[in-house]
Amino acid sequence: MGTTIQTVRLAALPASFSSSRFFSRPLSKALTFPFISRHNYAHKSPFPLLARALSVPAVQTIDTTDNKGLKPQPQWKAAIDFKWIRDNKEAVSANIINRSSNANLELVLQLYEKMLNVQKEVERLRGERNVVANKMKGKLEPSERQKLIEEGKNLKEGLVTLEEDLLQLTDELQLEAQCIPNMTHPDVPIGGEDSSKIRKMVGSQRVFSFPVKDHLQLGKELDIFDFDAAAEVSGSKFYYLKNEAVMLEMALVNWTLSEVMKRGFTALTTPEIVRSSVVEKCGFQPRAANTQVYSIDGSDQCLIGTAEIPVGGIHMDSILAESLLPLKYAAFSHCFRTEADLTNITEVIIVSTILAINKLISSHTIRGLYRVHQFSKVEMFILCRPEESESYHKELIQIEEDLFSSLGLHYKTLDMATGDLGAPAYRKFDVEAWMPGLGRYGEISSASNCTDYQSRRLGIRYRPSEQSSSNPKKGKGNLAPTQFIHTLNATACAIPRMIICILENYQQEDGSVIIPQPLRPFMGGLELIAPKSR
């Protein structure tokens, strides 16, 4: 039988999406663009903003433009609270600027007002049409009946036109409003990445009595990597793990899963190809320029960049019983990202920044395992009630810190600034570990509270078991009305970055590498990776 091969082509994430969820930010000292100004807006927004939903950044659209000049239409619609946006436009506007979003709030508000006006006119015409229809039921003179027939015909034609206008306005409003990022926690620092604040510093840098090697040199001498063969087989930024490195990856995965399962997480493996609509609903945009997402040509599917995407889709379009919450998942998957060449963006930046990027590209910080197209990862994901998401966010970062402390790593946790949050996150904590071979801190993890941003797009609600005294409305059968759940995600273990940390921090003068104590039972008792005898 013949084999059919589907081609894979590159697609795109929105500019507002935080690339750090894919670990694309190379090190703590990131580039800054001097022409991007920072605005010092009043940042203490009221806490109720936490629970309000705004949807996605720049969502994928179907190209429905034809010879008639029809505008693009959204493939799906998010449950956006347009009235809340209008009523809180000052806070939403400041948030858009603080997060360097390209959302057009004024256009959203204009479209919303137009839509409301057209809706009122549609309702008025429908009412008049009903009046005419009721009159037609009675005894009428022929001339009077003919007059009503003509009036009904005119009303019907007017309604058809207005309903088409209403549909088009609704689609335009969705597309524009979906560019608005989530609101921001009042304690998040305003500015770019360099404005992020250190929450905690754990441990200290190891002092070496011998020249420090980076993980590439160690891997070559220990015969545990092969980048050259992978480059021939797959291209740059791919790798083979060999010998003890394979055991180390398996140990990290199994140890991490065993630890988080003790904390009440359900272990999962996930599909690694998903529908593009699910990717979009989680806050990613797979089919534009300079993407981090691989899409499959000729299909509506993409390779996942994180297990957050398929796990987020498990309960899509469902209403959960409150008794099931919280739902905690720990998902192992392979992750794929394009790592689009930084030189592709030099056309839009100033000369000094071009030089800085070229310097970064030529540096050793993006060599080896730090920035790759395919890697393994264990991702934590929580679905919970809105009032619990902040406490679970703290729980997630505590789990990450406990894991990395158990491995004896020196690291710092950061409260990331508004410019580095990405569209879905209400607040994000990053963990950066010391990598002696690189001589700098590198990101190894992050934990994000996305509030109801993703659930309003994915259609995930829950029904409270008891009627809230603050919300007397009732649903069908006197049940409490449904509410959108909150979602959170956090990296438990990104394997390549963790291997870098272990090799570089546990290297010995003779070229061997000590295996951290917690991993030894998962490596058959192996305590040391030693250089191979020649």
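Residues numbered from 1 in each chain as written. Predicted model: local features only at pLDDT ≥ 70, side-chain atom pairs only at ≥ 80, totals over all residues. Heavy atoms only, no water.

A. How the structure looks around the overall build of the chain. A count of helical and extended segments in the chain gives 13 helices and 21 strands. The 534 residues of the chain split such that 52% are buried. Residue pairs at least 24 apart in sequence account for 79% of intrachain contacts in the chain once pairs closer than 6 positions are excluded. Carbon and sulfur atoms make up 52% of the accessible area of the chain, which amounts to about 24700 Å² in all. (Helix = DSSP H or I, 4+ residues; strand = E, 2+ residues; numbered from the N terminus. Buried < 20%, exposed > 50% of the residue type's maximum accessible area, 1.4 Å probe, protein only. Contact = heavy atoms within 4.5 Å. Areas by Shrake-Rupley, 256 points an atom, 1.4 Å probe, with all protein chains shown as cover.)

B. Broad picture of the pattern of salt bridges. Inspection of every chain in the model, using the stated rule, returns 25 salt bridges. One salt bridge in this structure joins D87 and K83, with 2.9 Å as the shortest N-O distance. Of the two residues, D87 and K83 are both situated in helix α1 (residues 82-87); the distance of 4 residues between them amounts to about one turn of the helix. The class of D87 is partly exposed, set by a relative accessible area of 42%. In this structure, E388 and R385 form a salt bridge, with 2.9 Å as the shortest nitrogen-oxygen distance. With relative accessibility at 24%, the residue R385 sits in the partly exposed group. (Salt bridge = Lys/Arg side-chain N within 4 Å of Asp/Glu carboxyl O.)

C. How the structure looks around the packing of helix α7 (residues 244-261) against helix α13 (residues 495-505). α13 packs onto α7 with a crossing angle of 115 degrees between their chain directions and a minimal axis gap of 10 Å. Classified by the angle between their axes, α7 and α13 sit roughly perpendicular to one another. Where α7 crosses over α13, the two elements pack in a sense that is right-handed. Contact with α7, carried on its side by A245, L248, E249, L252 and V253, involves I495, M498, I499 and I502 of α13 and no other residues of that element. (Axes fitted to C-alpha atoms, helices over the stretch in contact; angles between N-to-C directions. Parallel < 35°, antiparallel > 145°, perpendicular 65-115°, else oblique. Left-handed = near helix turned anticlockwise from the far one by under 90°.)

D. Molecular detail of the sheet that holds strand β13 (residues 374-384). Taken together, 8 strands build an open sheet; the order of strands is β4-β14-β15-β16-β19-β13-β12-β7 and the sheet is mixed. The sheet is open, and its two borders are formed by β4 (197-202) and β7 (266-269), each paired with just one other strand. On average, each strand axis in the sheet is tilted by 25 degrees relative to the strand beside it, whichever way the strands run. The pairing of strand β12 (residues 327-336) with β13 spans 10 bridges and is classified as antiparallel. By the bridge assignment, A330 is partnered in β13 with M380. This element, helix α11 (residues 389-406), spans β4, β12, β13, β14 (411-415), β15 (427-435), β16 (440-449) and β19 (486-494) of the sheet and lies at about 150 degrees to β16. (Pairing = 2+ DSSP bridges.)

E. Spotlight on the packing of aromatic side chains. Applying the stated rule across the entire model yields 6 aromatic pairs. The interplanar angle of 80 degrees and the centroid separation of 5.5 Å between the aromatic rings of F208 and F210 together place this pair among those described as edge-to-face. Taking the relative accessible area as the measure of exposure, F210 reaches 13% and is therefore buried. Note on F225 and F227: the rings are 5.9 Å apart at their centroids and 80 degrees apart in plane angle, and the pair reads as edge-to-face. Pair check on accessibility: F225 and F227 agree, each one buried. An aromatic cluster of at least three residues, connected via ring pairs, comprises F225, F227 and Y239. Residue placement shows R199 over the ring face of F429; its charged tip is 4.1 Å from the ring centre. (Phe/Tyr/Trp six-rings, centres within 6.5 Å; stacked < 30°, edge-to-face > 60°. Lys NZ or Arg CZ within 6 Å of the ring centre and 35° of its normal.)

F. Main features of the nonpolar core. The biggest cluster of nonpolar side chains holds 62 residues, and the ones touching the most others in it are F225, L252, I444, M498 and I499. By residue number, the principal contributor to this core is α7, which donates 8 residues. The contacts of M498, once residues within four sequence positions are left out, are L252, F404, L407, L409, I444 and C493. Residues W76, F82, L111 and M183 belong to the second largest nonpolar core, which totals 29 residues. (Core = buried A, V, L, I, M, F, W, Y, C linked by side-chain atoms within 4.5 Å.)

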